[in-house]
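Next come the chains, spelled out residue by residue.
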Amino acid sequence: MAKNTHLEHLEDDILNFGSEGGKSAVAFLKSLGLMLTQGDKNKSVNITTKWDGAPAIICGIHPIWKSFFVGNKSVFAKTQPKICIDNSDVDEFYPTSGLNQILKDCLKYLSQLNIEGVIQGDLLFTENTKTITNVGGKRCVTFTPNTITYAIPLDTDLGQRVNSSKIGIVFHTTYSGSTMEGMSAGFGVDASPYQGNKHIAVFSSDFNDASGSANFNGQELIKFNSAVNRAEGSLKQASKFLDVMKGSDRYAFNAIFKQFFNTYIRSGNTIPSANKVVTDFARYYSSLIDKEIDKKKTDKAKEKWVKLKDDGMKFIAANQRSIYMTAAAYKNLSTAKLMIIRQLEKVKDIGTFIKDGNGYRVTAPEGFVAIKSGRATKLVDRLEFSVANFTVDKNWDK
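Residues numbered from 1 in each chain as written. Predicted model: local features only at pLDDT ≥ 70, side-chain atom pairs only at ≥ 80, totals over all residues. Heavy atoms only, no water.

**Q** Could you give an account of the sheet that holds strand β12 (residues 359–362), with specific residues and numbers?
**A** Spatially, the 5 strands line up as an open sheet ordered β5-β6-β7-β11-β12, and their pairing is antiparallel. Either end of the sheet is taken by a strand with one partner, and the two such strands are β5 (130–135) and β12. Going from strand to strand, the sheet's axes swing by 45° on average, the running direction of each strand aside. Pairing of β5 with strand β6 (residues 138–143), which is carried by 6 bridges, proceeds in the antiparallel orientation. Of the residues in β6, the one forming a bridge with T133 is C140. (Pairing = 2+ DSSP bridges. Helix = DSSP H or I, 4+ residues; strand = E, 2+ residues; numbered from the N terminus. Axes fitted to C-alpha atoms, helices over the stretch in contact; angles between N-to-C directions.)

Next comes the structure, spelled out in structure tokens:
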């Protein structure tokens, strides 16, 4: 597995990897369905809880220097990796950033955990970013690392532990390799060795459903299997087109489709009917290329983009049925994914909220990560969470 720098949404697999991505997405869904029917009898897929922590923290023992280090994802940069061994490194790499104090706190406290190797997690709070607040009539210790506010009643053991801690983090990824550049990622971290330090609250990303409350009942399973079957059917009709439009250029059709679907999410809207998607996509593509044409100063510079637009619009007109089936497959995968998410959300130990002008409103956790055969994909309700995440003010990144 490559470094855990970015996880993709399950439905985006058809845009990233074409027809093979579609097969992978369906296989994920079927395995998840079995897990929520058979429980521990089905071990082909594992689930971790996706905490809404930020920023990402990578730390541990440098494989060559043999010294403890901390950093964010830039520790893996090919040129000038920002690896912090002491506070002077933090000041050099992040002199004015909000990361300056965060990384100094991580150096001070995470070095006490006796970490072996290199692991990655998401910061949940520092001493200055958690507060005592009344939520739902209860006095809670709260922290908002990114978009979601986590609230833990103070009259619980966990609440007392968090309240007295200097830093909180959830670890989820392990790394192996003899050099930083050559490291590969594996999902899942056993948090048990890191418990017991009064200054550090280490949370687990493992998903546990001891009660079985996340399992499908008979009617839920019928609806889920029907949604997966619809997704599989539409993918069969879209598969050739998915492979034809696949490319690595930012103006390849699969990349533009991905941007296009995100415009619905950013605006807080569900993806509309497949027929409307066909019309909207043609309009979006035309506008996107027109913006590039308008940037060019000379007719010669414009020629390339005018031809690209002409060829692209002809391609869209000739493939309207395939675009329709691509939209249908995308929507059907999303529908089945949401059914899985709703089941997993039934298992909830810590209150999750989004703060708005009226106070705190209850929300679901950020989502989950499904791991199958070494591959991981994120299961997130994009309309509930991602739209807020697109516009959230990340103070730690200033």
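Additional details are given in the paragraphs that follow.
**Q** Explain helix α3 (residues 99–110) to me, and be specific about the residues and the numbers.
**A** An ideal rise of 1.5 Å per residue puts 16 Å on 12 residues; α3 measures up with 15 Å between its terminal C-alpha atoms. In terms of burial, α3 is a largely internal element, 10 of the 12 residues being buried. The complete set of buried residues in α3 reads L99, N100, I102, L103, K104, D105, C106, L107, Y109 and L110. Along its buried surface, α3 packs onto β2 (56–61), β3 (68–71), α2 (87–93), β4 (118–126), β8 (167–176) and β10 (200–204). (Expected span 1.5 Å × (residues − 1). Buried < 20%, exposed > 50% of the residue type's maximum accessible area, 1.4 Å probe, protein only. Contact = heavy atoms within 4.5 Å.)

**Q** Describe in detail the sheet that holds strand β13 (residues 367–372), supporting the description with residues and values.
**A** Pairing is antiparallel in the open sheet, where 3 strands are placed in the order β1-β13-β14. Here the strands that pair on one side only, and so sit at the sheet edges, are β1 (46–50) and β14 (375–379). Averaged over all pairs of adjacent strands, the angle between strand axes in this sheet comes to 25°, irrespective of strand direction. Here β13 pairs with β14 via 5 bridges, running antiparallel. Considered in β14, the bridge of F368 is made with L379. Along the sheet, helix α9 (residues 320–344) contacts β1, β13 and β14; its crossing angle with β14, the most-contacted strand, is approximately 80°.

**Q** Can you lay out the side chain of S205 for me, pointing to particular residues and giving the numbers?
**A** Inspection of the secondary structure assignment puts S205 in the loop between β10 and α5 (218–244). Among the residues examined, S205 registers a relative accessible area of 1% and is labelled buried. At 3.5 Å, the side chain of S205 and the backbone oxygen of F171 are in polar contact. Those residues within four positions of S205 in sequence are excluded, and the remaining contacts are T48, T49, W51, V170, F171 and H172. (Polar contact = N/O pair within 3.5 Å; in protein donor to acceptor, adjacent residues only side chain to side chain.)

**Q** Tell me about the pairing of strand β7 (residues 149–153), and please be specific about residues and values.
**A** Across the 5 residues that make up β7, a large majority, 5, are buried. Both β6 and β7 contribute to a ladder of 4 bridges, which runs antiparallel. Considered in β7, the bridge of F143 is made with Y150. The loop that links β6 with its antiparallel partner β7 comprises 5 residues. With 3 bridges connecting them, β7 and strand β11 (residues 351–356) associate as antiparallel partners. Bridge pairing links Y150 to T352 in β11.

**Q** I'd love a proper account of the side chain of K50, names of residues and values included.
**A** Tracing the chain through its elements places K50 in strand β1. Looking at K50, its side chain comes within polar contact range of the side chain of E366, at 2.6 Å. With residues up to four places along the chain from it excluded, the contact list for K50 reads E366, G367, F368, V369, K378 and V380.

**Q** Describe the pairing of β2, with residues and values.
**A** Burial of β2 is extensive: 5 of the 6 residues sit out of reach of the surface. Pairing between β2 and β4: 5 bridges, direction antiparallel. Considered in β4, the bridge of C59 is made with I119.

**Q** Residue-level account of the packing of helix α7 (residues 274–295) against α9, with values.
**A** The N-to-C vectors of α7 and α9 enclose an angle of 120°; their axes lie 8 Å apart at closest approach. One element, α7, and the other, α9, form an angle in the oblique class. Crossing handedness for the pair α7 and α9: right-handed. In this structure, α7 contributes A274, N275, V277, V278 and F281 to the contact, and α9 contributes Q320, I323, Y324, A327 and A328. A per-class count over the contact of α7 with α9 returns 8 nonpolar, 2 polar and no charged. (Parallel < 35°, antiparallel > 145°, perpendicular 65-115°, else oblique. Left-handed = near helix turned anticlockwise from the far one by under 90°. Nonpolar A, V, L, I, M, F, W, Y, C, P; charged D, E, K, R; others polar.)

**Q** Please provide a residue-by-residue account of the nonpolar core, values included.
**A** Formed by 58 residues in total, the largest nonpolar core has its most connected members in I47, F257, F261, L333, I340, L344 and L379. Residue contacts for F261: discarding those within four places in its chain leaves L15, I271, V277, A327 and Y330. (Core = buried A, V, L, I, M, F, W, Y, C linked by side-chain atoms within 4.5 Å.)

**Q** Could you give an account of the packing of helix α1 (residues 13–38) against α9, naming the residues involved and the relevant values?
**A** Closest axis-to-axis distance for the α1/α9 pair is 11 Å, and the angle between their directions is 30°. What the angle tells us is that α1 and α9 run roughly parallel. Crossing handedness for the pair α1 and α9: left-handed. The residues of α9 that touch α1, namely those facing I14, L15, A25, V26, L29, L32, G33, M35 and L36, are T326, A329, Y330, L333, A336, K337, I340, Q343 and L344. Within the contact of α1 with α9, the residues separate by chemical class into 14 nonpolar, 3 polar and 1 charged.

**Q** Outline the environment of H9, supporting the account with residue identities and numerical values.
**A** Here H9 is to be found in the segment before α1. For the pair H9 and A376, spaced 367 residues apart in sequence, the C-alpha separation works out to 9.6 Å.

**Q** Tell me about the packing of aromatic side chains, residues and numbers included.
**A** All chains considered together, the criterion is met by 23 aromatic pairs. Here F207 and F368 contribute two aromatic rings whose centre-to-centre distance is 5.8 Å and whose plane-to-plane angle is 90°, an arrangement assigned as edge-to-face. In this pair, F207 sits in the loop between β10 and α5 while F368 sits in strand β13, placing the two residues 161 residues apart along the sequence. Considered together, F207 and F368 belong to a single accessibility category, that of buried residues. (Phe/Tyr/Trp six-rings, centres within 6.5 Å; stacked < 30°, edge-to-face > 60°.)

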